[in-house]
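Examination of the molecular architecture
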Amino acid sequence: MSDEVKLHKNESIKEHSRQLRGTLAEELRSGSEGFSADMEQMIKFHGFYQQEDRDARHQKNADGTPVQRQTSFMVRSRVPGGKLTAAQFLSELELCDRYGNGTLRVTTRQGLQLHGILMQDLKSTIREINEIKLTTIAACGDVNRNVMCCPAPYKNNPVFDQLQAFADCLAEHFRPRTTGYWEIWMTDDNGEQQKVDEFQPVEEPIYGATYLPRKFKMAVALPHDNCVDVLANDMGFVAIVERGQIQGYNIVVGGGMGQTPSAKKTFPALAKPLAFVTPDQAIPVGEAVVKVQRDYGNRSDRKLARLKYLIANWGMEKFTAEVEKYCGFRLTPPRPVEITDVDDHIGWHEQGDGKLFLGINVENGRIKDEGKLRLKTGFRAILGKFPVPVRLTALQAVILCDIAPADRPEIDRLMREHGMAAAEELSLLRRYSAACPAWPTCGLAVTESERALPGVIDELEAELSRLGLADERIAIHMTGCPNGCARPYTPDIGFVGRAAGEKYTIYLGGNVQGTRLGYVFKDYVPKTEILQTLGPVFSRFRAERTPGETFGDFCARLGKDALSAG
Ligand code: SRM
Ligand code: SF4
């Protein structure tokens with residue numbers, strides 16, 4: 001980039017951070033309840049965000065004075081492919097009670113989030129996460145984030161384990177090498193400052209001194225089960241399986257959901273095929289893609305800094321040529337392969353080795369006890385008795401693996417005892433829904449999301465039943481702003497927080513497989529008018545669909561104008 005371009009201030013924060021140390025250690029010990037503005041950027045690389053409880057902004061004390069605002073932190077663990085042991089999952093549940101707000105969140109990238117952690121408990125929280133062999137480093141920040149992978153634990157087909165092993169390799173290969181994280185969180189307070197002062201840089205072979213221009217996301221998927229929404233990632237690996245073997249991957253590049261309505265140049269995008277790579281070439285070519293983004297991505301405007309904008313500016317031909325320069329060989333054109341389906345993995349399934357796995361729906365990812373639905377206690381009871389491996393899905397659900405068939409009745413009983421719904425009790429609408437946290441923790445939320453979607457689903461579920469459409473698989477994702485954390489631009493229906501007063505943009509025409517972007521059907525729709533806006537569309541779908549046509553395909557075929565004409 002030309003020297004005249006003014007770099008974003010985050011670039012200087014990164015450059016002068018002594019490999020992500022900054023003044024974190026001092027500020028942690030300062031007794032303050034939060035970090036300075038510069039360090040608020042740095043903490044993201046360490047896997048946490050500074051937040052406040054936005055509900056509390058409007059609360060008053062008994063004497064009418066405003067409740068004092070309290071800073072707290074969201075702490076994210078990255079969990080490649082969503083794989084955890086029972087002990088790790090139970091420990092995160094314990095941490096949410098000991099230091100957090102009593103809830104644990106399964107994220108849309110198969111990670112875990114604690115909310116409401118106070119400054120004085122940050123070090124213990126992060127240290128304990130590392131002690132259970134999870135980590136928060138690079139869960140956020142301008143680096144490669146959690147690597148997603150299909151979590152289905154099938155054992156009769158080696159491809160599933162091979163994909164998971166590949167996701168682990170990617171996570172390890174693209175992990176920042178700085179020792180600063182270890183020094184700050186894992187050494188005791190006395191030794192820590194000395195180590196920070198004696199800073200010696202280590203080699204950061206991929207990221208260099210200023211890391212990436214922006215966050216970077218990777219996922220690994222199968223063409224017949226795009227449960228990780230691979231095309232929404234900066235870089236995806238779609239496995240090419242022939243005769244039961246992974247022959248290689250189609251690398252897809254430039255996906256991303258975030259957009260800013262006021263910044264006209266921003267847009268959501270699906271990743272496009274770049275090349276076919278053999279298993280041996282996958283990491284070198286992946287590294288070349290990351291390095292091209294590192295060296296040519298926009299470092300002055302963070303709104304335009306994701307890989308998708310570099311590719312939009314250059315075109316695929318120039319991008320491909322540059323990747324070839326970095327990896328040192330000609331790329332093979334992508335294989336002709338289509339993404340054909342998706343599975344939410346909910347319910348009981350044969351694993352293929354005589355054991356079973358069970359996918360348990362966690363509505364919008366929030367594990368807590370509320371009323372009759374006691375998910376937190378239920379998971380504790382089940383995993384306390386049967387400490388089986390756990391996997392997290394990109395639709396915010398939890399899979400329990402390796403279950404002996406003889407244990408199934410007791411697990412079913414424990415689920416019933418804790419109000420946890422079996423697959424048969426859930427509509428497909430609810431199973432394929434997802435929502436981001438939004439209020440009250442997300443500082444960027446303009447509307448509710450996680451707390452609003454269940455009620456909206458109740459209404460839409462009833463309407464679909466009335467029309468005899470209850471068995472349709474229709475995916476609905478909601479977010480509290482256009483950043484798109486629950487990937488609202490790819491499913492059949494997307495609700496995107498647009499303005500205060502609970503007003504949403506409604507997207508239609510995506511699909512459950514995540515291969516098509518929806519279009520804006522209506523803007524600024526109040527939550528209370530969602531049913532009356534979509535009800536007529538459902539009716540037309542019933543009346544005018546072609547045989548076997550899905551709701552998303554129907555909306556895409558008719559398009560906005562025909563659908564709006566009613
Ligand atoms: Fe996200 C920022 C939550 C997946 C796009 N995201 C945020 C922050 C950290 C808000 C902030 O910057 O202050 C949110 C914290 C809320 C809270 O209180 O917890 C947040 N994002 C989440 C999670 C927890 C949503 C969820 O329902 O699970 C997901 C964590 C995943 C993980 O484990 O790593 C999460 N975020 C996503 C996804 C989905 C995905 O990656 O598959 C996207 C869209 C894909 C993409 O990246 O384009 C996404 N988050 C964003 C963006 C927009 C980025 C952009 O390019 O414009 C922001 C804002 C930003 O980066 O400036 C954002
Ligand atoms: Fe926050 Fe917006 Fe992401 Fe929802 S989509 S978590 S409101 S940044």
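The structure this text deals with has already been given above.
Residues numbered from 1 in each chain as written. Chains lettered and ligands numbered in written order. Predicted model: local features only at pLDDT ≥ 70, side-chain atom pairs only at ≥ 80, totals over all residues. Heavy atoms only, no water.

The subject of this paragraph is the nonpolar core. Among the nonpolar cores identified, the biggest contains 131 residues, and Phe89, Leu122 and Phe319 are the most heavily contacted of them. For Phe89, the contacting residues outside a window of four places in its chain are Leu84, Leu104, Ile367, Phe379, Leu383, Val390, Leu392 and Val398. Core analysis: the second largest hydrophobic core is formed by 31 residues, Leu429, Tyr519, Ile530 and Leu534 among them. (Core = buried A, V, L, I, M, F, W, Y, C linked by side-chain atoms within 4.5 Å. Buried < 20%, exposed > 50% of the residue type's maximum accessible area, 1.4 Å probe, protein only. Contact = heavy atoms within 4.5 Å.)

Read across the open sheet, the five strands follow the order β6-β7-β8-β9-β10; overall the sheet is mixed. Across the chains shown, the open sheet's two edge strands, defined by having one partner strand only, are β6 (148-149) and β10 (272-277). Summarising the sheet, strand β9 (residues 245-253) and β10 pair through five bridges and their orientation is antiparallel. Looking at β10, one finds that Val252 is bridged to Pro273. Against the sheet, helix α9 (residues 279-296) makes contact with β7 (218-221), β8 (235-242), β9 and β10, and its axis sits at roughly 10° relative to β9, the strand it touches most. Of the strands in this sheet, β9 and β10 touch helix α11 (residues 316-327), which is tilted by about 30° from β10. (Pairing = 2+ DSSP bridges. Helix = DSSP H or I, 4+ residues; strand = E, 2+ residues; numbered from the N terminus. Axes fitted to C-alpha atoms, helices over the stretch in contact; angles between N-to-C directions.)

The next point concerns helix α13 (residues 408-417). Within α13, the full set of buried residues consists of Glu410, Ile411, Leu414 and Met415. The buried residues of α13 all sit within an arc of 140° when viewed along its axis, so they share a single face. Facing away from the buried side of α13 by over 90 degrees, the exposed positions are Pro409 and Arg416. Gly419 occupies a position one or two residues after α13 and carries a positive phi of about 75°. (Arc of directions from axis to C-beta.)

Before going further, it helps to spend a moment on the site of ligand 2. The environment of ligand 2 is made up of Cys436, Pro437, Ala438, Cys442, Leu444, Ala445, Thr479, Gly480, Cys481, Asn483, Gly484 and Cys485. Across the shell around ligand 2, the residue classes break down as eight nonpolar, four polar and no charged. (Near = heavy atom within 4 Å. Nonpolar A, V, L, I, M, F, W, Y, C, P; charged D, E, K, R; others polar.)

This brings us to helix α4 (residues 86-98). For α4, which comprises 13 residues, the first-to-last C-alpha distance of 18 Å matches the rise-based estimate of 18 Å (1.5 Å per residue) to within 8%. The set of residues buried in α4 consists of Ala86, Gln88, Phe89, Glu92, Leu93, Leu95 and Cys96. (Expected span 1.5 Å × (residues − 1).)

This part is about the packing of helix α12 (residues 375-385) against α13. Two numbers describe how α12 lies on α13: the axes approach to 9 Å, and their chain directions differ by 160°. With respect to their mutual orientation, α12 and α13 come out roughly antiparallel. Considering how the two elements wind past one another, α12 and α13 form a crossing that is right-handed. Facing α12, whose interface residues are Ala381, Ile382 and Lys385, α13 presents Glu410, Ile411, Leu414 and Met415. Residues of the contact of α12 with α13, tallied by class, amount to five nonpolar, no polar and two charged. (Parallel < 35°, antiparallel > 145°, perpendicular 65-115°, else oblique. Left-handed = near helix turned anticlockwise from the far one by under 90°.)

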